[in-house]
Amino acid sequence: QQKESAFVRKNADYHHCITPDCTNIVLCKIVNDDGAKICDCFKCGHTSCLTCGARPFHLGKTCEEWREERTQKETEQFRMAARIQRQFRSYLARSEPDRTRAS
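Definitions and cut-offs
- Each chain has its residues counted from 1, running along the sequence as written.
- Thresholds applied to this predicted model are a pLDDT of at least 70 for local features of residues and 80 or more for the giving and counting of side-chain atom pairs; totals over whole chains, interfaces and linings are not thresholded and use all residues.
- The side-chain numbers reported here are obtained from all heavy atoms of the structure, hydrogens and water having been left aside.
- A pair of strands is considered paired only if DSSP assigns at least 2 bridges between the two.
- Strands are runs of DSSP state E lasting at least two residues, helices are runs of H or I lasting at least four, and both sets are numbered from the N terminus onward.
- In this analysis, axes come from line fits to C-alpha atoms, helices being fitted only over the stretch in contact, and the angle between any two N-to-C directions falls in the range 0 to 180 degrees.
- When the sulfur atoms of two cysteines come within 2.5 Å, that pair is taken as a disulfide.
- For every residue, the accessible area obtained with a 1.4 Å probe (protein chains only) is divided by the maximum for its type, and the residue is called buried under 20%, exposed over 50%, and partly exposed between those limits.

Caption draft 1: Looking closely at the sheet that holds strand E2 (residues 25-30). Ordered in space as E1-E2-E3-E4, the four strands form an open sheet in which the pairing is antiparallel. For this open sheet the edge positions go to strand E1 (14-16) and strand E4 (47-49), each flanked by a neighbour on one side alone. Strand-to-strand twist across the sheet, computed as the mean angle between neighbouring axes with direction ignored, equals 35°. In this sheet, E2 lies alongside E1 in antiparallel orientation, the contact comprising three bridges. Residue pairing across strands places histidine 16 opposite isoleucine 25, the latter belonging to E2.

The structure is reproduced here in structure tokens:
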């Protein structure tokens, strides 16, 4: 473990895989114009961006473009979940028996 850490410290292109529970050391290469580094781990099979942590790697997009797209998707998912929740509450309100009437 100490030898591996020393190797990584001395070689700027090698890094520990950022996938949790993976102990592999990977060669990371700059592939985007913004300097984003892709790490392709043969041990766990994941590709990731060393710069922003995206997994899988955002090939063809800058880190900023990937973040914006992810934020937009998360916002859309949040809105969809809220809409489903409202529809479900409306359904429940219509399907409950009228409790104001005396039996």
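Let's pick the thread back up.
Caption draft 2: Seen up close, the state of the cysteines. Under the definition given, this model contains one disulfide. Sulfur-sulfur distance for the disulfide between cysteine 28 and cysteine 39 comes to 2.1 Å. Judged by the sign of its S-S torsion, about 105°, the cystine formed by cysteine 28 and cysteine 39 is right-handed. With a gap of 11 residues between them, cysteine 28 in strand E2 and cysteine 39 in strand E3 (residues 37-40) connect regions that are remote in the sequence. Accessibility assignment for this pair places cysteine 28 and cysteine 39 in one class, buried. Sulfur of cysteine 22: no disulfide; nearest cysteine sulfur belongs to cysteine 41 and is 3.7 Å away.

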